[in-house]
Amino acid sequence: MKVARILLFLVLLSLITPLGGLQNGEKAGVIFQGFYWDVPEGWYGVLTDAAYDLSDIHGYSIDYIWFPPPSKGMSGSISMGYDPYDYYDLGQYDQKGSVETRFGTFNDLQRAIDAYHSYGIGVIGDIVLNHRGGGELEYNPNTGSESYTDFSGVASGKCLWNYDAFHPSSYAQNDAGTFGGFPDVCHTNDSVMNDLVDWGLWLRNAGFDGWRLDYVKGYYPWVAEEFKNSTGDPFCVAELWDRNVNLIEQWVYDAGSGIMVFDYPLYYTMRDVCMATDGDISSFISRDASFVAAHPELSVTFAANHDTDEIIDDKMLAYGFILTYEGMPCVWWKDYFDYGLDKGGAEEPLQEGNGIDKLIWVRGYLGGGAPEIEVLYGDKDILIYQETEHKGYVVVLNDSTEWKGNYIKTRFINENLECVAWSSTVDNSRPVSKRTDSMGGTDLWAPPRGYAVYAPEV
Ligand code: CA
């Protein structure tokens, strides 16, 4: 059964025309979250219009755009998609009050996907495997009462599940977690898991290039592993919403398959440092406060997302770190398009070296889209590291309220190091250039509550 499915997938894959044609910038090694809670209806049109901008940021492009959950939810056109009703209804069936999902019709989705593909940008689908919503009421012999678990009427005619697809099922009483009272999917029921994998393959064929797995705390790691492996082993990042580094390590070990995780420990650490003036900037790379510190190849780092937008002060300090450090950084829509952080925000007079755009250029041009980092110095107030494998740069992060610097030995010998990117909400003047000696030594500084990125003159 499984082999047949994989063969079918390979056949389908071979029918897809290669990406490209219009490809813009080189990849910067960046993901972009393409939505926030309660986006306006018809969002796919907005996403389509943003594709060009995100393909050419000082000549560099994002690698992936993360789309909202595509399936029709139980609340129809007002649902954000985290309550999937008909998995195969991506806005082409008239049910739950509308043909379109909140984001548009299936054709609108196709246009949005095509827009990103035309620039060589991959599209990540947001996949809700834990629960399902909007079923009809039926008698449930497993509970002896009635439950909303009858999905025999979905318009697509696919995944026509009943009570035994959910916990308590005759296959299992429960699993790792439930969400908000929704019927909790029982993946140990083979026909359910097969249905979900078939749906994933169908989504790949519809143009999705990878997965963001919603709420993986709600099910066992093997479910994530099987879904990824059986859908062509694409890029995959899990939402494991927990600050505990050890718990996340255990999960990625159990799931195997190289599934990445959002670095919630780092998110909370950055929040605490950005929202106080007595924090410890070196905790960004502390192994008990940051997943990326020990597992960069499995970390998707972020400063905000649709659920968590708590870094109000000095958020560019967080972006200054994640966009120059290891791991795969994810930029959030609102920060970029609504809060003005693409250019550095509005608090201080803006300069060309400020903002997310310039940091994406740093990552792409100077860091090769995959920076390798060596830490040079760290204390409570400043953290200094350099990129070692590409053109390279040196970063100074400073969470104190005054200018701070330190003497360090860099990889650059007898070179003028120019500050190419920086930001501070206290003093946004450009840090001065420095010359390294024959040992690569010099003193490098960052403005208060900000960062500075230095590189040889280009
Ligand atoms: Ca569950």
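Whatever comes next refers back to the structure up there.
Scope of this entry: the structure provided in the associated data block. (Residues numbered from 1 in each chain as written. Predicted model: local features only at pLDDT ≥ 70, side-chain atom pairs only at ≥ 80, totals over all residues. Heavy atoms only, no water.)

Sheets are built from strands paired through backbone hydrogen bonds, the pairs being either parallel or antiparallel. Spatially, β15-β16-β17-β22-β19-β20 is the arrangement adopted by the six strands of the open sheet, whose pairing is antiparallel. Strand pairing shows two members of the sheet lacking a second neighbour, β15 (373-378) and β20 (434-435), which therefore form its edges. Two strands pair when backbone bridges link them, and strand β19 (residues 416-424) and strand β22 (residues 450-456) are joined in this way by seven bridges, in the antiparallel orientation. Note on β22: the bridge partner recorded for Leu417 is Pro456. The sheet strands contacting helix α10 (residues 355-366) are β16 (382-387), β19 and β22, and the helix crosses β19 at an angle near 145°. (Pairing = 2+ DSSP bridges. Helix = DSSP H or I, 4+ residues; strand = E, 2+ residues; numbered from the N terminus. Contact = heavy atoms within 4.5 Å. Axes fitted to C-alpha atoms, helices over the stretch in contact; angles between N-to-C directions.)

For the pair helix α7 (residues 264-274) and helix α8 (residues 315-322), the least separation of the axes is 9 Å and the interaxial angle reads 140°. Classified by the angle between their axes, α7 and α8 sit oblique to one another. Both α7 and α8 take part in a crossing whose hand is right-handed. Residues Leu266, Met270 and Cys274 of α7 pack against Leu317, Ala318, Phe321 and Ile322 of α8. A breakdown of the residues in the contact of α7 with α8 according to their chemical character gives seven nonpolar, no polar and no charged. (Parallel < 35°, antiparallel > 145°, perpendicular 65-115°, else oblique. Left-handed = near helix turned anticlockwise from the far one by under 90°. Nonpolar A, V, L, I, M, F, W, Y, C, P; charged D, E, K, R; others polar.)

Once that is clear, we can look at the side chain of Ser282. Looking at the secondary structure, you find Ser282 in the loop between α7 and β13 (299-302). Those residues within four positions of Ser282 in sequence are excluded, and the remaining contacts are Gly378, Asp379, Ile382 and Leu383.

This brings us to the pattern of salt bridges. One pass over the structure, following the stated rule, counts 20 salt bridges. With a shortest N-O distance of 2.8 Å, Lys315 and Asp309 are connected by a salt bridge. Relative accessible area serves as the criterion here: at 27%, Asp309 is assigned to the partly exposed category. (Salt bridge = Lys/Arg side-chain N within 4 Å of Asp/Glu carboxyl O. Buried < 20%, exposed > 50% of the residue type's maximum accessible area, 1.4 Å probe, protein only.)

Further remarks concern the sheet that holds strand β12 (residues 260-262). The strand order around the closed barrel formed by eight strands is β2-β4-β7-β10-β11-β12-β13-β14, and the pairing between neighbours is parallel. Along the sheet, successive strands turn relative to each other by an average axial angle of 25°, direction set aside. Bridging between strand β4 (residues 64-66) and strand β7 (residues 122-127) involves three bridges; their strand directions are parallel. The residue of β7 that forms the bridge with Tyr64 is Gly122.

Distances from the calcium ion to its protein donors, Asn130 (OD1), Asp175 (OD), Asp175 (OD), Gly177 (O), Asp184 (OD), Asp184 (OD) and Gly218 (O), fall within 2.2 to 2.7 Å. Sequence spacing of the donors to the calcium ion: N-x44-D-x1-G-x6-D-x33-G. When sorted by exposure, Asp175 lands in the same class as Gly177, which is buried. (Donors = N, O, S within 2.8 Å, 3.2 Å for Na, K, Ca; no water.)

With nine of 11 residues buried, α7 is to be regarded as a mostly interior element. When α7 is considered as a whole, its buried residues turn out to be Tyr264, Pro265, Leu266, Tyr267, Tyr268, Thr269, Met270, Val273 and Cys274. Where α7 is buried, its residues meet α6 (245-255), β12, β13 and α8. One side-chain oxygen at the N-terminal end of α7 lies 3.0 Å from the backbone nitrogen of Leu266; it belongs to Asp263. (Polar contact = N/O pair within 3.5 Å; in protein donor to acceptor, adjacent residues only side chain to side chain.)

This part covers the pairing of β15. The sheet contact formed by β15 and β16 spans five bridges and is antiparallel. By the bridge assignment, Tyr377 is partnered in β16 with Ile384. The loop that links β15 with its antiparallel partner β16 comprises three residues.

On to the packing of aromatic side chains, then. Counted by the stated rule, this structure contains 39 aromatic pairs. Taken together, a centroid distance of 5.4 Å and an interplanar angle of 85° make the contact between Phe32 and Tyr336 edge-to-face. Of the two residues, Phe32 is situated in strand β2 (residues 31-33) and Tyr336 in helix α9 (residues 333-338); the sequence distance between them amounts to 304 residues. For Phe32, a relative accessible area of 1% translates into the label buried. Every member of this aromatic cluster is reached through a ring pair, and the members are Phe35, Trp66, Trp241, Phe262, Tyr264, Tyr267, Tyr268 and Phe302. Over the ring of Tyr85 we find Lys96; its NZ or CZ atom is 4.3 Å from the centre of that ring. The ring of Tyr365 carries Lys391 above its face, with NZ or CZ at 4.3 Å from the centroid. (Phe/Tyr/Trp six-rings, centres within 6.5 Å; stacked < 30°, edge-to-face > 60°. Lys NZ or Arg CZ within 6 Å of the ring centre and 35° of its normal.)

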